[in-house]
Amino acid sequence: MKFLIVVLLGAVLVEGLVRVPLTKHKSMREALREKGVEMPYQDPATKYMADEFAGSNSMYINNYADSTYYGAVSIGTPPQTFQVLFDTGSSNLWVDSALCNTQACSVHTKFYPQQSSTYSHNGQTVYIPYGAGSLYGVFGYDTVSVAGIVVPHQEIGLSTSEPTQPFASAKFDGILGLAYPRISSGGETPVFDNMMSDNLLQSNIFAFYLSRGGAQGSELTLGDVDNNRYQGSIYWTPVTSESYWQIGIQGFQINGRSTGVCSQGCQAIVDTGTSTLTAPGHYIGEIMQSIGAQRSQYGQYMVACSSVNNLPTLSFVISGVALPLPPSAYIAQHYQNGYQYCSVNIGPTYLPSQSGQPLWIFGDVFLREYYSVYDRTNNRVGFATAA
């Protein structure tokens, strides 16, 4: 079999499969914590309150303090390159711009509209509430290229004002949302939807591989799945709400034993823009008790590092298949000032899903264990054991 390989912006196109390299970095929360700044806890599910701003030019981005993975895109003619967070938990594209003079913008690569011959705008503004401040911007239109896939006249949010914290600690210059258009602020058509409508993809699918153990090598693939990034079969489950990548959970197990958690059903949002695994608040006590975790003064749940190998495996039953999460996945080991400590990367959320069922967030803690596939043609999510 012959393979056509084209290198574009650090990506590789192989027979319709486009690979976008992703870089892993400490989350903004982690970077601030090392500087002695402790951000207050914000319920990650606040990010999903899209209905409050439906039809407006506003959107939530409350949990981007916990984001870690980003990759390159280019905007404009000639192209200007940016590192963006590829986020399945939102739908808009926005980047830092020359229209912004705050400190948070000054430490990032800015988009200069006047330097692009294909840029246009209509004066529409965007407002993005954040727990530590608010991000303001304007909408413009320009050519966007993701791994050589060129989308003309893509609507883009350009920041005009950003809060110093936590954005000054971010390593990315913006966010590219990959959720459904229903939750897009200001009616902006998401980048992936434009790719679909322009028939730029072999299949209307994208997939994430997130590397483990602090290693690099993470990837977003567009147009197909990368068979080298997973083992065994892909297990599919339907999307339950075509807004976020939301799925149903039939049960929750601890060391293979069923619990009462989710016995009446739960929902989960699969979100690459959240670094943790988040559990419904009224279940968090039971889960932490089974782990043997204690809560610290900063609200983190901690365990003795010597006990990690003996902690239970947590499993989620999704479309009849149990997907296990070993303690090595949900425990984070830290080293600071010569001292080692271990935290549980599971936090609470107190907001229910739109259906009223308890809500989980499958962030990077879960997605490092499972290659995740997002199928817009069939409105389903697939999980396979990561290679």
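Predicted model, so just to flag it, every value in this text is computed and none were measured.

1. Brief notes about the nonpolar core
- In this structure, F86, L222, I291, W360, F362 and F383 are the most contacted members of the largest nonpolar core, which totals 77 residues.
- Ranked by residue count, the leading element in this core is helix 5 (residues 281–291), at five residues.
- Within the second largest apolar cluster, 12 residues are counted, among which are A104, I128, L135 and F167.

2. Some points on the packing of aromatic side chains
- For the coordinates displayed, the defined rule picks out 20 aromatic pairs.
- Taking 5.3 Å as the distance between ring centres and 55 degrees as the angle between the ring planes, the aromatic pair formed by F252 and F316 counts as tilted. Of this pair, F252 sits in strand 16 (residues 251–254) while F316 sits in strand 22 (residues 314–318), and the two are 64 residues apart along the sequence.
- Exposure remark for F316: the relative accessible area of 0% places this residue in the buried category.
- Three or more aromatic residues joined by ring pairs form one cluster here, namely F252, F316, W360, F362, F366, Y370 and F383.
- Over the face of the ring belonging to W236 we find R380, whose NZ or CZ atom lies 3.7 Å from the ring centre.

3. Re the state of the cysteines
- The final tally for this structure, using the stated rule, is three disulfides.
- Across the disulfide, C100 is cross-linked to C105 (sulfur-sulfur distance 2.0 Å). Here the disulfide of C100 and C105 is right-handed, its torsion about the S-S bond being about 85 degrees. Just as C100 is buried, C105 falls in that class too.
- Here C305 connects covalently by a disulfide to C342, the sulfurs 2.1 Å from one another. Here the S-S torsion is close to 115 degrees, and the disulfide linking C305 with C342 is therefore right-handed. You can see C305 sitting in the loop between strand 21 (301–303) and strand 22 and its partner C342 sitting in strand 25 (residues 339–344), a full 37 residues away along the chain.
- Overall, C305 belongs to the partly exposed group, its relative accessible area being 22%.
- Taking relative accessible area as the criterion, C342 reaches 1% and is therefore assigned buried.
- When the cysteines engaged in disulfides are numbered in sequence order, the chain pairs them as 1-2, 3-4, 5-6.

4. Focus on the sheet that holds strand 17 (residues 257–258)
- Across the sheet, which stays open at both edges, the four strands sit in the order 17-16-22-23 with antiparallel pairing between neighbours. A strand with exactly one partner marks an edge of an open sheet, and here the two such strands are strand 17 and strand 23 (321–325).
- Direction of pairing for strand 16 relative to strand 22: antiparallel, over a ladder of four bridges. Of the residues in strand 22, the one forming a bridge with I254 is L314.

5. Notes on the confidence of the model for the chain
- Here the chain averages 85 in pLDDT, and 83% of its residues register 70 or above.
- For residues 51–55, every residue scores under 50 in pLDDT, and the model assigns this stretch seven contacts once sequence neighbours within four places are set aside.
- Between residues 58–63, whose pLDDT stays under 50, and residues either more than four places distant or in other chains, the model counts 30 contacts.

6. Focus: the pairing of strand 22
- With five of its five residues buried, strand 22 lies for the most part within the structure.
- Every second residue of strand 22 is oriented toward a common face, with L314, F316 and I318 on one face and S315 and V317 on the other, all of them buried.
- The pairing of strand 22 with strand 23 spans five bridges and is antiparallel. Bridge pairing links F316 to L323 in strand 23.

7. Some words on the sheet that holds strand 14 (residues 241–242)
- Spatially, the six strands line up as an open sheet ordered 14-15-18-27-19-26, and their pairing is mixed. Looking along the sheet, the strands with just one partner apiece sit at the ends: strand 14 and strand 26 (346–349).
- Inspection of the sheet shows strand 19 (residues 277–280) paired to strand 27 (residues 359–362) by two bridges, in the antiparallel sense. Across the sheet, the residue bridging to T278 is I361, located in strand 27.

Criteria and cut-off values
Once a new chain begins, its residue numbering starts again from 1 and follows that chain's sequence as written. Reporting of local features is limited, given that this is a predicted model, to residues whose pLDDT is at least 70; pairs of side-chain atoms are given and counted only at 80 or more, and all residues count toward the totals for whole chains, interfaces and linings. Working from all heavy atoms in the structure, the side-chain values ignore hydrogens and water. We call a set of buried residues a nonpolar core when its members are Ala, Val, Leu, Ile, Met, Phe, Trp, Tyr or Cys and they connect through side-chain atoms within 4.5 Å of each other. Exposed residues in this analysis have more than 50% of their type's maximum accessible area, buried residues have under 20%, and partly exposed residues fall in between, with area computed by a 1.4 Å probe over protein chains only. Here a strand is any run of E in DSSP of at least two residues, a helix any run of H or I of at least four, and the numbering for each starts at the N terminus. Aromatic rings from Phe, Tyr and Trp, taking only the six-membered ring of Trp, are treated as a pair when their centres fall within 6.5 Å; an angle between ring planes under 30 degrees marks them as stacked, one over 60 as edge-to-face, and anything in between as tilted. Whether a charge sits over a ring depends on NZ of Lys or CZ of Arg being within 6 Å of the ring centre and within 35 degrees of the ring normal. When two cysteine sulfur atoms are found within 2.5 Å, that pair is recorded as a disulfide. Only strands joined by at least two bridges in the DSSP assignment are considered to pair. Each residue carries a pLDDT score, the predictor's confidence in it, ranging from 0 to 100. Residue contacts are defined here by distance: any two heavy atoms, one from each residue, within 4.5 Å place the two residues in contact.

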